[in-house]
Amino acid sequence: MTAKAFHVAVAGATGAVGDQMIRCLEERKFPVKSLKALASKRSAGRMVRFKGEAIPVEELKEDSFKGIDIALFSAGGGTSTRFAPHAAKDGCVVIDNSSAWRMDPDVPLVIPEVNPHAVADYTRKGIIANPNCSTIQMVVALNPIHRRFRIKRIVVSTYQAVSGTGNKAIHELFDQTRAMIHFLDVKREVYPHRIAFNCLPHIDVFLENGYTKEEMKMVHETHKIMEDRSIGVTATTIRVPVFFGHGESVNIETAEPVSPDAVRSILQNAPGVKVVDDPSQNRYPMPIDAAGQDLTLVGRIRKDESIENGINMWVVADNIRKGAATNAVQIAEILADKYL
């Protein structure tokens, strides 16, 4: 890490991801000279903690980024669309966690283990996009396989934790679970149906093609990050009653002959990946294993016996950490080391 220190801002500092961004900056010893916590007007005046100090939350405004070197945004697409250009105009590099800038051709979409070189393109708009949480863990696992065997097609079904929707969804699952255990009425505010003891095949809005926006994010983001639009990708995304940790059932078809042992060997040496794959001992990745850590866990690696070059696997990661906050801080580390 560079010896230089940086003035850093976190926009959306009181949300689930913003709070984790601040923790990751501290955990990873990012060289912070000063930290500015930003949020909506209703959150202004609250306190967040960084390195043992209480930092007051300020209202996010267009001039909030004067003198700031790097800003981590996790405040929603509308907020990023409005404020990120103002930050960039003031000389601040924005690392944005929303979907607002991901498919902009002038904005790099970065997973440090996959395409760190793309960070260099931040100069086009002063903005770097953080991919969708479900895309990050899948591509971290699949990219090393693609580089060796060339993946032709990906079929993915996700099982996504409620924390992906934010703090209100976490509280809703908790409150609904408690209500059902005590035979009380269940209230719904965040999701269109009860999430406790249920699964919702509905994440984000439905599009004209019958897919949800979340599903199409996985398609388009995978192509951009892996720099290969020839890969066929189809996704079904499901919300499940889990607090932290997304699971994904991933099926791939490769151009070159592939075996489960070859995939395990590649992934055991892949950056950011941990293989947990011993069904005889009931060892396979679970959300409770991934929660609180930054590795992408891969298991249930087996041959797809319905096609010639097919592999099935199960991929799990902490959606708030590697799926959002940690990935953003890792991007900031590359930026600080090589470009600022």
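As shown above, the structure is provided for reference.
A quick note: this is a predicted structure, and the numbers were derived from the prediction, not measured.

## A closer look at the packing of helix 3 (residues 133–149) against helix 6 (residues 260–268)
Right, on to step 1. One way to put it is that helix 3 packs onto helix 6 with a least axis distance of 9 Å and a crossing angle of 120°. The angle between helix 3 and helix 6 falls in the class oblique. Along this stretch, helix 3 crosses helix 6, giving a crossing that reads as right-handed. Contacts from Ala141, Pro144, Ile145, Arg148 and Phe149 in helix 3 reach Ala262, Val263, Ile266 and Leu267 in helix 6.

## Structural notes on the environment of Glu172
Right, on to step 1. Structurally, the position occupied by Glu172 is in helix 4 (residues 167–181).
Right, on to step 2. In this structure Glu172 comes out as buried when scored by relative accessible area, which is 7%.
Right, on to step 3. Setting aside its immediate chain neighbours within four residues, Glu172 contacts Lys187, Arg188, Glu189, Val190 and Tyr191.

## Brief notes about the sheet that holds strand 10 (residues 246–254)
Right, on to step 1. In spatial order, the strands read 9-8-10-13-12-11; together these 6 strands make up an open sheet with mixed pairing. Each having just a single partner strand, strand 9 (232–239) and strand 11 (273–275) make up the two edges of the open sheet. Taking each pair of neighbouring strands and ignoring which way they run, the sheet shows an average axis angle of 20°.
Right, on to step 2. As paired strands, strand 12 (residues 296–303) and strand 13 (residues 310–317) are joined by 5 bridges and run antiparallel to one another. For Val298, the partnering residue across the bridge sits in strand 13 and is Val315.
Right, on to step 3. The sheet strands contacting helix 3 are strand 8 (151–160), strand 10, strand 11, strand 12 and strand 13, and the helix crosses strand 10 at an angle near 25°.
Right, on to step 4. Packing against the sheet, helix 5 (residues 213–226) makes contact with strand 8, strand 9 and strand 10, and its axis sits at approximately 140° to strand 9.

Reading the values: rules and limits
Positions within a chain are numbered from 1, following the residues in the order the chain's sequence is written. Restriction of local features to residues with pLDDT of at least 70 applies here, the model being predicted, together with a cutoff of 80 or more for giving and counting side-chain atom pairs; totals for whole chains, interfaces and linings are based on all residues. Heavy atoms from the whole structure form the basis of all side-chain values; hydrogens and water molecules are not counted. For helices, the axis comes from a line fit to the C-alpha atoms of the stretch in contact; other axes are also lines fit to C-alpha atoms, and the angle between any two N-to-C directions lies between 0 and 180 degrees. Numbering of helices and strands runs from the N terminus, with a helix taken as a DSSP run of H or I at least four residues long and a strand as a DSSP run of E at least two residues long. If an angle is under 35 degrees, it is roughly parallel; if it is over 145, roughly antiparallel; if it lies from 65 to 115, roughly perpendicular; otherwise it is oblique. By convention, the crossing between two helices is left-handed when the near helix turns anticlockwise from the far helix through less than a right angle, and right-handed when the turn is clockwise. We call two residues in contact when some of their heavy atoms are within 4.5 Å. We call a residue buried when its accessible area falls under 20% of the maximum for its residue type, exposed when it is over 50%, and partly exposed in between, using a 1.4 Å probe and counting protein chains only. Being paired, for any two strands, means DSSP has found at least two bridges between them.

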